[in-house]
Amino acid sequence: MSKRTRRAAPAARAGAARPTVTVCRGCCCGTPKVPGLDHAAQLRDLRQAVGPAAAVRVTDCLDACERANVIVVQPSADGREAGGRPVWLGLVNDRDATADIAAWVESGGPGVTEPPGILDLYTFSPSRRVRAELHDE
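Residues numbered from 1 in each chain as written. Predicted model: local features only at pLDDT ≥ 70, side-chain atom pairs only at ≥ 80, totals over all residues. Heavy atoms only, no water.

## Structural notes on the confidence of the model for the protein
Counting all residues, the mean pLDDT for the protein is 86, and 85% of those residues have values of 70 or more. Confidence drops under a pLDDT of 50 for residues 1-15, and excluding neighbours within four residues, the segment shows three contacts in the predicted structure. (pLDDT = per-residue confidence, 0-100. Contact = heavy atoms within 4.5 Å.)

## A word on the sheet that holds strand β3 (residues 71-74)
Read from one edge to the other, the open sheet built from five strands follows the order β2-β1-β3-β4-β5, with strand pairing classed as mixed. Edge positions in the sheet fall to β2 (55-59) and β5 (123-124), since each has one partner strand and no second. Relative to β2, strand β1 (residues 20-24) runs parallel, the two sharing five bridges. Bridge pairing in β2 places Val23 opposite Val58. Contacting β1, β2 and β3, helix α2 (residues 39-50) runs over the sheet at an angle of about 160° to β2. Where helix α4 (residues 95-106) meets the sheet, its contacts fall on β1, β3 and β4 (87-89), and the angle it forms with β3 comes to roughly 10°. (Pairing = 2+ DSSP bridges. Helix = DSSP H or I, 4+ residues; strand = E, 2+ residues; numbered from the N terminus. Axes fitted to C-alpha atoms, helices over the stretch in contact; angles between N-to-C directions.)

Take a look at the structure:
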């Protein structure tokens, strides 16, 4: 094992110690194309609600525009080890849905705790190409 490999492995593991919530803010998500939602408040509320329990990141278009606003919840290392996989949620366009996602992530997220049943209404499977672009396959 080279020094380069040894240095990279702990950093990758440390970053996965908690779930990651990826919020799309591309061409449709987070824009006036989705009316009736304060997009900045949605992101702020999500960050405040999950606190240190998860990393919240914003990304450009996830190429699921027909389901704007899209949020992807990726499991922690423990969650992945327990069988958790990334969960794609679309049409997250109200405060209650955002609060449900935050509560689930705060309690452990995919592989650690079951999501609230209401989130089944938002769950979808993106194309294989889109999943690969997010490096989740």
